[in-house]
Amino acid sequence: MRRVSVAAVVLFALVLAAYYGAVHTVQGQDALLKRAAGNIARPTDPELSGLRVHVCGSAAPLPAPGRANACIAVLTPEHFFIVDAGSGSANNLGVAQLPLQRLNAVLLTHFHSDHITDLPNININAWATGHQGPLQVYGPEGVSAVVDGFNAALAWDRSYRSAHHGEQLLPPAWGIMEAVEQGTEAVMTFGDLTITVFPAAHEPVAPAVSYRFDYRGRSVVITGDTLVTERLRTMVDDADLLLTDALSLPIIKAMHNGAAAGGQDRIARILADIQDYHASTADVAELTRSTGVGMTALYHLVPGPRNAVMENIFKREFSDNMVLTHDGMEFELLPDSDTITVRD
């Protein structure tokens, strides 16, 4: 018994010494830095055969540690689209090393700030990593004004970067985003990928849209902000995966009551107003049970859960095919299959 204890102490001491040498000495730091820097040179384009969905932002505007605002990335071997670009999402896309150099477009569902504010950062990162030509930004009526505004605001930034790194590396014209306006009803085809645009219900915000992606027998619906509507039921009835806006009424009502009791009238008013233009978790659960959707994943969480208790409140009415997302979660849908692999 004593020999085992001595061996454990020796092993612990060796591990501690190795940790100290790696972290607290110049030689150790340089070795770790060299190894980490080597990862930068590795290919960043994931090996894909079907649809991959990456959650690059799972929260709404209410502060939520560790969660960016709304952003969903959809990739196939030939395509890469991002739906919405909320604050913090560009950082998440970079951490995940997603291949912005081959980004087809950003698709906006509507123009609330928590869905658009990282658009300039995604554009700059794509430009810097070798994206060929201007980044296209799709959206309903109003997208041109949004994109033009960002382009104007970032004009000096683009000029600095081209002057610093050279126009051959960063052609100025390629740093200017290009707006593509589509209606609230549209079908767009990109080879084997079909994207269907349909109306979302987010009044008084209008227009607002949702997107459905169909690729080689698999399908994903991404709602943006919406209530549950009959059109949404139709679009998800035969879909493999639904990523949907979701509001926890128990949590928001508790927050409202607390704000009102504390004399925070403005906050209380806002918390009351938002309750009727986001899909509640109860409505999302009912939608999942009453349609043929394969799996439902909740994102744009109102509010973003801060702890296990809040997560469990969100999950109160969950069925087995429902998940609560977090930033970095991925879903893989192989062609001509009915399986969905979820990676945390």
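Computed from a prediction, not measured in an experiment: that's the story for all the values here.

Asks: How should the overall build of the protein chain be read in this particular structure?
Replies: Summing up its helical and strand segments, the protein chain has 11 helices and 15 strands in all. Along the first, second and third principal axes, the C-alpha atoms of the protein chain reach 70 × 60 × 55 Å. Counting every position in the protein chain, which comprises 344 residues, the buried fraction comes to 47%. Long-range contacts, defined as pairs at least 24 residues apart, comprise 65% of the intrachain contacts of the protein chain with a sequence gap of at least 6. Element-wise, carbon and sulfur atoms account for 56% of the exposed surface of the protein chain, whose accessible area totals about 16600 Å². Looking at charge distribution, the protein chain has the averaged site of its 23 positive side-chain charges lying 12 Å from that of its 37 negative ones.

Asks: How should I be thinking about the packing of aromatic side chains in this particular structure?
Replies: The way to describe two aromatic rings as a pair is by their centre distance and the angle between their planes. In total, this model carries three aromatic pairs according to the counting rule given. Aromatic ring contacts, followed pair by pair, group Phe 81, Phe 190 and Phe 213 into a single cluster.

Asks: Is there a simple way to think about the pattern of salt bridges in this case?
Replies: Opposite charge on two side chains permits them to pair, given that their charged atoms come into close proximity. For the coordinates displayed, the defined rule picks out 10 salt bridges. As a salt-bridge pair, Glu 230 and Arg 233 come within 3.5 Å of each other at their nearest N and O atoms. Highlighted residues: Glu 230 and Arg 233, both in helix H7 (residues 230-236), separated by three residues, approximately one helical turn. Taking the shortest distance from any N to any O, the salt bridge between Asp 273 and Arg 269 comes out at 3.0 Å. With Asp 273 and Arg 269 both in helix H9 (residues 265-273) and four residues apart, this pair spans about one turn of that helix. Each member of the salt-bridge network shares a partner with another, and the members are Arg 52, Glu 332 and Arg 343.

Asks: Which parts of the structure should I look at to understand the state of the cysteines?
Replies: Each disulfide consists of a covalent bond between the sulfur atoms of two cysteine residues. Taken as a whole and assessed by the stated rule, the structure comprises one disulfide. Two residues, Cys 56 and Cys 71, share a disulfide whose sulfurs are 2.1 Å apart. One disulfide, between Cys 56 and Cys 71, carries an S-S torsion of -75° and so falls in the left-handed class. With Cys 56 in strand S1 (residues 51-57) and Cys 71 in strand S2 (residues 71-75), this residue pair connects regions lying 15 residues apart in the sequence. Residue classification places Cys 56 among the buried residues on the basis of a relative accessible area of 0%. The exposure class of Cys 71 is buried, given its relative accessible area of 0%.

Asks: Honestly, the sheet that holds strand S5 (residues 136-139) in this entry has me stumped. Any pointers?
Replies: For sheets, the rule is that strands pair by backbone hydrogen bonds, running either parallel or antiparallel. Read from one edge to the other, the open sheet built from eight strands follows the order S6-S5-S4-S3-S2-S1-S14-S15, with strand pairing classed as mixed. Every interior strand has two partners, whereas the edge strands, strand S6 (178-181) and strand S15 (341-343), have only one. Taken over all neighbouring pairs, the strand axes of this sheet differ in orientation by 20° on average, direction set aside. Helix-sheet contacts for helix H5 (residues 143-153) involve S5 and S6, and the interaxial angle to S6 is about 170°.

Asks: Before we go on, may I ask you to explain unusual backbone geometry in this structure?
Replies: In terms of backbone geometry, most residues other than glycine have negative phi values and most peptide bonds are trans. For the bond running from Glu 203 to Pro 204, omega is 15°, close enough to zero to count as cis. Along the polypeptide, Pro 204 turns up in the loop between strand S8 (193-199) and strand S9 (209-215). Looking along the chain, the bond that leaves Ala 206 and enters Pro 207 is cis, with omega of 0°. Along the chain, Pro 207 falls in the loop between S8 and S9. Despite not being glycine, Gln 97 shows a phi value in the positive range, around 55°.

Asks: What should I look at first to understand the sheet that holds strand S7 (residues 186-190) in this one?
Replies: On the basis of which strands lie adjacent, the open sheet formed by seven strands has the order S7-S8-S9-S10-S11-S12-S13 and mixed pairing. Each of the sheet's edge strands pairs with one partner strand only, and the pair in question is S7 and strand S13 (322-324). Neighbour to neighbour, the strand axes of the sheet diverge by 20° on average, direction disregarded. One ladder, built from seven bridges, connects S8 with S9; its direction is antiparallel. Considered in S9, the bridge of Val 197 is made with Tyr 211. Across the sheet, helix H10 (residues 281-290) touches strand S11 (241-247), strand S12 (295-302) and S13, and the angle it forms with S11 is around 155°.

Asks: Got a minute to help me understand the environment of Ile 340 in this structure?
Replies: In this structure, Ile 340 sits in the loop between strand S14 (330-333) and S15. A sequence separation of 46 residues divides Ile 340 from Gly 294, and the C-alpha atoms of the two residues are 8.6 Å apart. The residues contacting Ile 340, other than those within four sequence positions of it, are Arg 218, Asp 240, Leu 241, Met 295, Phe 331, Glu 332 and Leu 333.

Criteria and cut-off values
Residues numbered from 1 in each chain as written. Predicted model: local features only at pLDDT ≥ 70, side-chain atom pairs only at ≥ 80, totals over all residues. Heavy atoms only, no water. Helix = DSSP H or I, 4+ residues; strand = E, 2+ residues; numbered from the N terminus. Buried < 20%, exposed > 50% of the residue type's maximum accessible area, 1.4 Å probe, protein only. Contact = heavy atoms within 4.5 Å. Areas by Shrake-Rupley, 256 points an atom, 1.4 Å probe, with all protein chains shown as cover. Lys, Arg positive; Asp, Glu negative; His and termini not counted. Charge placed at Lys NZ, Arg CZ, Asp CG, Glu CD. Phe/Tyr/Trp six-rings, centres within 6.5 Å; stacked < 30°, edge-to-face > 60°. Salt bridge = Lys/Arg side-chain N within 4 Å of Asp/Glu carboxyl O. Disulfide = S-S within 2.5 Å. Pairing = 2+ DSSP bridges. Axes fitted to C-alpha atoms, helices over the stretch in contact; angles between N-to-C directions.

Interpretation in functional terms is not warranted from these geometric data alone.
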